[in-house]
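The residues making up each chain are set out below.
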Number of protein chains: 2
Amino acid sequence: MDSAAQSSPARQPTVKEVAKLAGVSPMTVSRTLAGGKNVRPEVQDRVLEAVHALGYYRNENARSIRPGQASGLIGVAITNLGNPYYGNFALGVEEVAAQYGRRIVLGNTGEDPGRERQLIADLIGRQVEGLIVVPTGDQATHLQPESLRGTPLVLASRSVTGVAADAVVLDDVGGAYRGTRTLLDAGHRRIGYLGNVTSVFTGRRRYEGYLRALEEAGIEVDPDLVRRGQQDVETASVAMRELMDLADPPTAVFSANNRNTIGALKEIGARLNSADGEVGALPAIVSFDDFELAEMMPVPVTVVDHDARELGREAARLLFDRLLGEAEPGRIREIEMPTQVRVVRA
Amino acid sequence: MDSAAQSSPARQPTVKEVAKLAGVSPMTVSRTLAGGKNVRPEVQDRVLEAVHALGYYRNENARSIRPGQASGLIGVAITNLGNPYYGNFALGVEEVAAQYGRRIVLGNTGEDPGRERQLIADLIGRQVEGLIVVPTGDQATHLQPESLRGTPLVLASRSVTGVAADAVVLDDVGGAYRGTRTLLDAGHRRIGYLGNVTSVFTGRRRYEGYLRALEEAGIEVDPDLVRRGQQDVETASVAMRELMDLADPPTAVFSANNRNTIGALKEIGARLNSADGEVGALPAIVSFDDFELAEMMPVPVTVVDHDARELGREAARLLFDRLLGEAEPGRIREIEMPTQVRVVRA
DNA sequence: CTGTTAGCGCGTTCAA
DNA sequence: TTGAACGCGCTAACAG
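Here, residues in each chain are numbered from 1, in the same order as that chain's written sequence. Here every chain gets a letter starting at A, and every ligand a number starting at 1, in the order they are written. Residues qualify for local features only when their pLDDT is at least 70, as the model is predicted, and side-chain atom pairs are given and counted only at 80 or more; totals for whole chains, interfaces and linings, by contrast, use all residues. Calculated side-chain values reflect all of the structure's heavy atoms, with hydrogen atoms and water omitted.

What follows covers unusual backbone geometry. Peptide bonds are mostly trans, and most non-glycine residues show a negative phi. You will see that Arg149(A), though not glycine, has its phi angle at about 40°, which is positive. A run of DSSP states H or I qualifies as a helix once it reaches four residues; a run of E qualifies as a strand once it reaches two. Both are numbered from the N-terminal end. For Arg149(A), the location among the structural elements is in the loop between β3 (130-133) and β4 (153-157). For Gln127(B), which is not a glycine, the phi torsion comes out positive at approximately 65°. Within the fold, Gln127(B) resides in the loop between α6 (113-125) and β3 (130-133).

As structure tokens, this is what we get:
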């Protein structure tokens, strides 16, 4: 409104100054702020008045250095905040953390193992009470209990072999299997695959589900129909273009994640909008990950749906079970969240 | 891998223990970790070895209680992490913060002023060096410099009257004006409006742009065509349904945000998919906020596009200008980010 | 180049 | 019911 429009560090009032203004000792201020146990009500009023007058905030950092005092912080490391999937995931984590009076410190790793290492080290230095990590890659050393100096860890969405931590992942194999099955049941025999490389946990598992469905149907995989490694919408479009330009193109495509799905559909749209008319038969799509406006697509669409927010909630629940000592100490829990196959447009 | 699968607080090694193991004083450890200035290289090696052996992490909280030592934390308060728009915004903030070696502490307000108040108080208690806030509502008291004890503040996406803080917002009025103009230019005369209530900053401004375009064209606003207050996709669909069911329905609709756009299009899709055939003319859509797969829609679509991530970056830049003392102390800066009208499908 | 002293803001412990 | 002393982990400032 007026004033010097916040600038400069602006010295921060401390308990001592509040105490002086209220005419009591720092201890009385501390006690009042802690709930007022064993402080005369009238004194409390004086203290709170002084707090208000000075705009005093308790220094949570100073507070947390004393042993036994927790920081109230949960560290969260995700790979890509710009992906709505992870935004919802973080929302779920935040929701449960708030219920337990904890705040989350969020970092983005951008799928870079180096940044992940650094981020986790920093979070530990900030005394987070626990960590929830969507791991990038398969490196396990920086996720070992020793490296984390015992900070409870929950892996989310992806697991890492060699890391003995609680984890909550999706039913990737089953979802991919059932998704691919719907294509087979519809009579498709040439089914393309768009997804992640197999060095990524989910990429590996979803491809496995795809394979399993094909094998069961007695179909041999055609390597020409498999495109892996596209991370974003643009490269996914290119991969889809290659599939559609094959001499013997697929009649349907299984897309293993949201980004590949959008890219594939954009390519379909591009062909539809190109004035050439004649586009021939367009492939049906099965998408692991739901997406908005799926029902508006010009081709048959089925999604393997799941709840990112609930995944976040569940990860947080696992963590708080540990923090509150309600989980069996020695036993690692791996939870698989269900996926639902939904025919959006036949 | 093995071990007691992280449990219990697990006592944390301190400088003292590292010092003892390395056979030096705590100060030497501190100096080594601070860059090694004035420490013999061989001693540094011993120290780092001990650090590694003990799994020592410097306690950033203890570090930051000392005056002059910054916390390295930037507080970010956003309204809805589940909205991809804000996810990208946060990503932009994080990106710039990382460049300056800062971490972000992220909180979700859920459009609840009470939670916003509480969140900001907590962030200040954690000694954040600065705040970036997407404000909920028009309450200004908790955003005053006194309440923030001088912590630099940047408002993003929305501004608040009566708060003298740097702000970065969108060209809401201009974008809405130009978006509506494309409809008028295409010959539309009955143009519906879906958007936020006018008590919300962006709701107010985007409606103003819509109004301005209509007035300029000599068209009087029909209150029946204006629906405000829908916050999510479901209620937006209902509002759209009401518009389309009017005796004299609009031939086009201006949607003031992403959520309303998706809801409106879903309603159009529902009518298209209902087997009744005969759906009559479908309204053209102009959407403030881009959305994926816009080119696949069965009706003409124009978007008023902008870059959420860049908005986040710009907000962070304003903040760091203040923190680094590179901004003129007394002067408030309000930046309007440009919007681009793009015809996706005529 | 290295160690000692002192103190950051707070809350536990003990004494009044 | 209140206060004084002490120490949490860390690092400037000042010896040495």
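So much for the structure itself; the text now carries on.
Turning next to the nonpolar core. Throughout this description, the term nonpolar core refers to a set of buried Ala, Val, Leu, Ile, Met, Phe, Trp, Tyr and Cys residues connected via side-chain atoms within 4.5 Å. Only protein chains enter the accessibility calculation, which uses a 1.4 Å probe; a residue whose area is less than 20% of its type maximum is buried, one above 50% is exposed, and one in between is partly exposed. Core analysis: the largest hydrophobic core is formed by 94 residues, its most contacted members being Phe89(A), Ile132(A), Phe254(A), Phe89(B), Ile132(B) and Phe254(B). Residue contacts follow a heavy-atom distance rule, with two residues in contact if any of their heavy atoms lie within 4.5 Å. The residues touching Ile132(A), leaving out its near neighbours within four places in the chain, are Gly75(A), Val76(A), Ala77(A), Phe89(A), Val93(A), Val154(A), Ala156(A), Ala315(A), Ala316(A) and Leu319(A).

Below, the discussion takes up the environment of Tyr100(A). All names here are of chain A. Positionally, Tyr 100 belongs in the loop between α5 (84-99) and β2 (103-108). Looking at Tyr 100, the relative accessible area reads 35%, which means it is partly exposed. When the C-alpha positions of Tyr 100 and Phe 320 are compared, they lie 8.2 Å apart, and in sequence the two are 220 residues distant. Non-local contacts of Tyr 100, meaning those with residues more than four positions away in its chain, are made with Phe 320 and Leu 324.

Now for the protein's contact with DNA strand C. As a matter of local geometry, DNA strand C sits amid 25 residues, with Val15(A), Tyr56(A), Arg63(A), Thr28(B) and Arg66(B) nearest to it. The cutoff for a nearby residue is simple: one of its non-hydrogen atoms must lie within 4 Å of the molecule or strand. Restricting attention to atoms of DNA strand C within 4 Å of the protein, one finds that 59% of them are sugar or phosphate atoms. Between DNA strand C and the protein, one listed contact pairs a phosphate oxygen with a side-chain N or O atom of Gln69(A) at 3.3 Å. Sorting the residues of the surface near DNA strand C by element identifies α1 (15-22), α2 (26-33) and α4 (60-64) of chain A together with α2 (26-33) of chain B as the ones contributing at least two each. Residue contributions to the surface near DNA strand C peak at three residues, all from α2(B). Each residue gets one label: Ala, Val, Leu, Ile, Met, Phe, Trp, Tyr, Cys and Pro are nonpolar, Asp, Glu, Lys and Arg are charged, and the others, such as Gly, are polar. Tallied by class, residues from the surface near DNA strand C come to 11 nonpolar, seven polar and seven charged. In the analysis that follows, any N or O atom pair within 3.5 Å is treated as a polar contact, provided that within protein one partner can donate a hydrogen and the other can accept it, and provided that, for residues neighboring in sequence, both atoms belong to side chains.

What follows is about the UniProt feature "domain: HTH lacI-type" (unreviewed entry) in chain A. UniProt positions are given in the numbering used here, feature names are shortened, and annotations may be inferred rather than shown by experiment. Following the UniProt record, the feature "domain: HTH lacI-type" (unreviewed entry) maps to residues 13-67 of chain A here. Across residues 13-67 of chain A, helical content stands at 64% and strand content at 0%; the span's end C-alpha atoms are separated by 24 Å.

Right, let's talk about the domain arrangement of chain A for a bit. Here the limits of each domain have been adopted from an automatic or database domain assignment. Taken as a whole, chain A is organised into domain 1 (15-58), domain 2 (73-169 + 308-336) and domain 3 (172-305). For domain 1 of chain A versus domain 2 of chain A, the distance between C-alpha centres works out to 37 Å.

Our focus in this paragraph is the interface of chain B and chain A. Counting from both sides, the interface comprises 78 residues of chain B and, opposite them, 77 residues of chain A. When two parts are brought into contact, each loses some accessible area as probed by a 1.4 Å sphere; the total of that loss over both is the buried area. Summed over both partners, the interface of chain B with chain A comes to about 6500 Å²; 54% of that surface belongs to carbon and sulfur atoms. Each salt bridge in this description consists of a side-chain nitrogen of Lys or Arg and a carboxyl oxygen of Asp or Glu lying within 4 Å of one another. If you look at where chain B meets chain A, you find eight salt bridges. With its nearest N and O atoms 3.5 Å apart, the salt bridge here joins Glu94(B) to Arg115(A). On inspection of chain B and its partner chain A, the count reaches 21 residue pairs in polar contact (both at pLDDT 80 or more). If one sorts the elements of the side of chain B that touches chain A by residue count, α6(B) sits on top with seven residues. Classifying every residue of the side of chain B that touches chain A by side-chain character gives 36 nonpolar, 28 polar and 14 charged.

This part is about the protein's contact with DNA strand D. Near DNA strand D there are 25 residues, and of these Thr28(A), Arg31(A), Arg66(A), Tyr56(B) and Arg63(B) occur at the shortest range. Within 4 Å of the protein, the atoms of DNA strand D are drawn from sugar and phosphate moieties in a proportion of 61%. Ser25(A) places a polar side-chain atom, nitrogen or oxygen, 3.0 Å from a phosphate oxygen of DNA strand D. Contacts to DNA strand D include Val15(B), whose backbone N or O atom sits 2.6 Å from a phosphate oxygen. Listed by contribution, the elements that provide at least two residues to the surface near DNA strand D are α2 of chain A together with α1 (15-22), α2 and α4 (60-64) of chain B. When residues in the surface near DNA strand D are grouped by element, the largest group, three residues, is from α2(A). Here the surface near DNA strand D is built from residues that sort into 11 nonpolar, seven polar and seven charged.

The next point concerns the relation of the copies chain B and chain A. Least-squares superposition aligns the copies on the C-alpha atoms of those residues with pLDDT at or above 70 in both. The two copies are related by a screw motion: chain B maps onto chain A through a turn of 180° and a shift of 0.0 Å along the axis, at an RMSD of 0.1 Å. On the angle and the small slide along the axis, the relation comes out as a two-fold axis. Taken together, the interface assignments show that 99% of the residues at the interface of chain B recur at the interface of chain A, consistent with an identical surface on both copies.

Another aspect to go through is the packing of α5(A) against helix α11 (residues 308-323) of chain A. Each packed pair of helices is defined by two parameters, the angle between the axes and the distance between the axes. All names here are of chain A. A fitted line through C-alpha atoms serves as each axis, taken over the contacting stretch for helices, and the angle formed by two N-to-C directions is quoted from 0 to 180°. Running from N to C, α5 and α11 cross one another at 40°; their axes reach a closest spacing of 7 Å. Relative to α11, the element α5 is oriented oblique. Along this stretch, α5 crosses α11, giving a crossing that reads as right-handed. Along its contact with α5, which presents Tyr 85, Asn 88, Phe 89, Leu 91, Gly 92, Val 93, Glu 95, Val 96 and Ala 97, the element α11 presents Ala 308, Arg 309, Leu 311, Gly 312, Arg 313, Ala 315, Ala 316, Arg 317 and Phe 320. When its residues are assigned to classes, the contact of α5 with α11 shows 11 nonpolar, three polar and four charged. Should an angle fall under 35 degrees it is taken as roughly parallel, and over 145 as roughly antiparallel, whereas 65 to 115 is taken as roughly perpendicular and any remaining angle as oblique. Left-handed describes a crossing whose near helix is turned anticlockwise from the far helix through less than a right angle; right-handed describes the clockwise counterpart.

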